[in-house]
Amino acid sequence: MDNALSYTPSTGHITLSLSFTANHASLSVSDDGPGIPDSAKKQVFQRFFRQDKAHTSKEHFGLGLSIAKEIVKMHKGRLVLSDTPGGGATFTIILKTSPA
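Read on for a plain summary of the structure. (Residues numbered from 1 in each chain as written. Predicted model: local features only at pLDDT ≥ 70, side-chain atom pairs only at ≥ 80, totals over all residues. Heavy atoms only, no water.)

1. Points about the pattern of salt bridges
- This structure, assessed with the given rule, holds two salt bridges.
- In this structure, D38 engages K41 in a salt bridge whose closest nitrogen and oxygen atoms are separated by 2.6 Å.
- Note on K41: relative accessible area 18%, which makes it buried.
- Residue D83 is joined to K41 by a salt bridge in which the shortest nitrogen-to-oxygen separation is 2.7 Å. Here the residue D83 occupies a position in strand 3 (residues 78-83), and K41 occupies one in the loop between strand 2 (24-31) and helix 2 (64-74), the gap between them amounting to 42 residues.
- For D83, a relative accessible area of 45% gives the class partly exposed. (Salt bridge = Lys/Arg side-chain N within 4 Å of Asp/Glu carboxyl O. Buried < 20%, exposed > 50% of the residue type's maximum accessible area, 1.4 Å probe, protein only. Helix = DSSP H or I, 4+ residues; strand = E, 2+ residues; numbered from the N terminus.)

Printed below as a string of structure tokens:
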């Protein structure tokens, strides 16, 4: 959420969605900000990586996505990045659901 709020223009939109299937729960954060170029998509989960070198805010150290990915991994889930249709980025956490 913090990245979406930081990188989406004030006139942009951020969408949260939650979905369930018999085996998985998915939580997505989508925005219509500048998006992430294909050349940087694998790097965004590396520690200290910052896509926008001009973004000089000292509040962002390039750790959030790497920490989030490790937390999700510890819960045996996945954190994936995809393009938002029409522009922007979507990050989705996918967790297996436990049998009842």
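2. A short note on the sheet that holds strand 1 (residues 14-20)
- The four strands lie next to each other as 1-2-4-3, forming an open sheet whose pairing is antiparallel. Each edge of the open sheet carries a strand with a single partner, namely strand 1 and strand 3. Each strand axis lies, on average, 15° off the axis of its neighbour in the sheet, ignoring direction.
- Relative to strand 3, helix 2 is tilted by about 130°, and along the sheet it contacts strand 3 and strand 4 (89-96). (Pairing = 2+ DSSP bridges. Axes fitted to C-alpha atoms, helices over the stretch in contact; angles between N-to-C directions. Contact = heavy atoms within 4.5 Å.)

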